[in-house]
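# Residue-level structure breakdown
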Amino acid sequence: MLIRKNRFPSISATEITPREVFLNRRKFMQGGLAAAAGLSAMKASALVRPADASVNVTGPEWLERMVVNAKESPFGRGEKAAPYSAATQYNNFYEFGMRKTDPYENASEFKASPWVVTIEGECENTGSFALEDLIRGIDLEERTYRLRCVEAWSMVIPWVGFGLSELIKRCKPLSSAKYVEFVTVERPEEMPGQRSVFSTIDWPYREGLRMDEAMNPLTIMAVGMYGDVLPNQNGAPLRLVVPWKYGFKSIKSVVKLRFRETMPATTWNELAPQEYGFYANVNPEVDHPRWSQASERRLPNSLFSPNRIKTEMFNGYGEQVAHMYKNMDLRKWY
């Protein structure tokens with residue numbers, strides 16, 4: 001199910017920075033690849049990755065082929081994106097460290113292939129599956145979404161992925177399944193943040209969605225970004241993207257989905273429930289206890305160009321998601 005283009009929230013071109021290589025990829029695919037039998041041995045990602053690309057891209061070739069051949073979709077079609085360097089060198093992934101640059105600097109030893117995902121809980125099809133088998137036959141799409149961090153910064157990112165609903169249907173959840181729990185990989189030997197004596201997180205990282213949220217057409221599992229496979233520091237090879245929620249809900253490097261009858265305990269909600277609720281919907285009317293959520297820094301920005309913009313309810317996706325919270329007090333269920 002796709003949302004019609006005229007219903008997708010507009011993103012002003014003045015808010016974002018172009019990435020020429022990404023925008024030209026489709027033209028290249030339509031022209032050059034049609035007669036590129038002689039280029040079959042060349043890695044597709046090398047054709048679209050910019051010169052400043054991270055070295056932390058280790059996706060298997062079968063996944064690269066899927067990502068390069070992803071379909072264009074109405075989700076953010078025609079929109080530009082933040083620079084690749086901003087999206088890959090400024091982010092939170094505490095498994096690699098607490099600073100914004102730590103994931104980029106510390107993720108080179110992480111092995112994103114092979115990858116196994118375990119499905120368990122209230123569903124018919126349980127077990128451990130190679131990622132290739134788990135998503136075999138699913139068509140990938142390019143979708144450009146806003147990403148709003150709970151820390152009041154944001155950027156616009158072109159993801160490549162598929163609707164989480166497609167995966168859920170394959171799992172055949174039982175009627176008793178009301179929630180989906182997600183778990184991140186735990187590899188302290190490859191993820192220095194997990195072995196840090198300063199970490200207060202009880203690893204592995206855990207997140208969760210209500211079933212209707214998980215089935216919403218906006219919710220995707222991403223395997224790529226900017227026309228290439230995900231870099232390690234951005235959650236390779238499989239991450240959740242829920243664009244109307246704060247970024248910490250979009251759990252990275254997922255190795256387990258568990259279908260549950262009850263609401264799962266989630267990492268940040270357990271650590272600081274007064275600051276991070278289970279729902280974590282973007283809501284400019286509900287401030288974080290230590291800062292306002294009324295506005296955000298849209299990256300890239302600078303001292304002389306702060307690029308501060310007003311935060312929208314549900315990150316601007318209210319038309320697609322507000323109905324799920326119609327009878328809820330969003331100040332209580334934050």
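Residues numbered from 1 in each chain as written. Predicted model: local features only at pLDDT ≥ 70, side-chain atom pairs only at ≥ 80, totals over all residues. Heavy atoms only, no water.

### Digging into the overall build of the chain
As a reminder, the rule being used: Strands are runs of DSSP state E lasting at least two residues, helices are runs of H or I lasting at least four, and both sets are numbered from the N terminus onward. Only heavy atoms matter for contacts: two residues are in contact if any of them lie within 4.5 Å across the pair.
Assigned secondary structure in the chain consists of ten helices and 13 strands. Summarising the internal contacts of the chain: among those between residues at least 6 apart in sequence, 75% fall at separations of at least 24.

### Observations concerning the confidence of the model for the chain
Quick reminder of the rule: Confidence per residue, as judged by the predictor, is encoded in pLDDT with a range of 0 to 100.
Mean pLDDT over the chain works out to 87, with 83% of the residues at or above the 70 mark. Considering only residues more than four positions removed or in separate chains, one finds that residues 1-20, a stretch of pLDDT under 50, has 49 contacts. In the model, residues 26-49 has pLDDT below 50 throughout and makes 30 contacts with residues more than four positions away in sequence or in other chains.

### Observations regarding the pairing of strand E3 (residues 127-130)
Filter applied, for reference: By this definition, two strands are paired if DSSP reports at least two bridges between them.
Here strand E2 (residues 116-121) pairs with E3 via four bridges, running antiparallel. Each residue of the ladder has a partner; that of Val117, found in E3, is Phe129.

### Remarks on the sheet that holds strand E6 (residues 179-184)
Put simply, the rule reads: Every angle, taken between N-to-C directions, lies between 0 and 180 degrees, and every axis is a line fitted to C-alpha atoms, over only the stretch in contact when it is a helix.
With mixed pairing, five strands are arranged side by side in an open sheet as E3-E2-E11-E6-E7. Two strands in the sheet have a free side with no partner beyond their single neighbour: E3 and strand E7 (206-210). This sheet shows a mean twist of 20° between the axes of neighbouring strands, independent of strand direction. Bridging between E2 and strand E11 (residues 254-260) involves four bridges; their strand directions are parallel.

### Things to note about the nonpolar core
The criterion, for reference: Nonpolar core, defined: a set of buried Ala, Val, Leu, Ile, Met, Phe, Trp, Tyr and Cys residues in which side-chain atoms within 4.5 Å join the residues together. With a 1.4 Å probe rolled over the protein chains alone, any residue whose accessible area is under 20% of its type maximum counts as buried; one over 50% counts as exposed, and the rest are partly exposed.
In this structure, Trp159, Phe162, Leu164, Phe182, Trp244, Leu257 and Phe259 are the most contacted members of the largest nonpolar core, which totals 87 residues. Among the elements that make up this core, the one with the highest residue count is strand E5 (residues 153-163) (six residues). Dropping the residues within four chain positions of it, Leu257 is found in contact with Val117, Thr118, Ile119, Glu120, Leu164, Leu167, Val180, Glu181 and Phe182.

### A look at the side chain of Glu275
Note the cut-off: In protein, a polar contact means a hydrogen-donor-capable atom and an acceptor-capable atom, both N or O and within 3.5 Å, with residues adjacent in sequence counting only if both atoms are side-chain atoms; elsewhere, any N or O pair within 3.5 Å suffices.
With respect to the helices, strands and loops of the structure, Glu275 is situated in the loop between helix H9 (267-271) and strand E12 (295-298). Judged by its relative accessible area of 18%, Glu275 falls in the buried class. Side chain to side chain, Glu275 and Tyr276 meet in a polar contact 3.5 Å long. Reaching out from Glu275, the side chain makes a polar contact with the side chain of Arg290 at a distance of 2.8 Å. If sequence neighbours within four positions are ignored, Glu275 has contacts with His288, Pro289, Arg290 and Tyr334.

### Topic: the packing of aromatic side chains
Let me state the cut-off plainly: Aromatic pairs are defined between Phe, Tyr and Trp rings, using the six-membered ring for Trp, whenever the two ring centres lie within 6.5 Å; interplanar angles under 30 degrees are classed as stacked, those over 60 as edge-to-face, and all others as tilted. Here, a charge over a ring means that NZ of Lys or CZ of Arg falls within 6 Å of the ring centre while also lying within 35 degrees of the ring normal.
Tallying each qualifying case throughout the model produces 15 aromatic pairs. An aromatic cluster is present here, built from Tyr179, Phe278, Tyr279, Phe314, Tyr325 and Trp333 joined pairwise through their rings. If you follow Arg143 out to its NZ or CZ, it ends over the ring of Phe75, 3.8 Å from the centre.

### Side note on helix H7 (residues 164-171)
Operational definition: The arc in question is the one spanned by the directions pointing from the helix axis to the C-beta atoms.
Every buried residue of H7 is listed here: Leu164, Ser165, Leu167, Ile168 and Cys171. The arc that holds the buried residues of H7, viewed along the axis, is 160°, so those residues lie on one side. The positive-phi residue at the C-terminal boundary of H7 is Lys172, with phi of around 55°.

### Concerning the state of the cysteines
Filter applied, for reference: In this description, a disulfide is simply a cysteine sulfur pair whose atoms lie within 2.5 Å.
Counted by the stated rule, this structure contains zero disulfides. Sulfur of Cys123: no disulfide; nearest cysteine sulfur belongs to Cys171 and is 5.4 Å away. The exposure class of Cys123 is buried, given its relative accessible area of 7%.

### Remarks on the pairing of strand E8 (residues 220-225)
With six of six residues buried, E8 lies mostly within the body of the structure. With two bridges joining them, E8 and strand E9 (residues 228-229) adopt antiparallel strand pairing. When the sheet's bridge partners are listed, Met225 is paired in E9 with Asp228. Connecting E8 to the next strand, E9, in antiparallel fashion are two residues, including Tyr226 with a positive phi near 55°.

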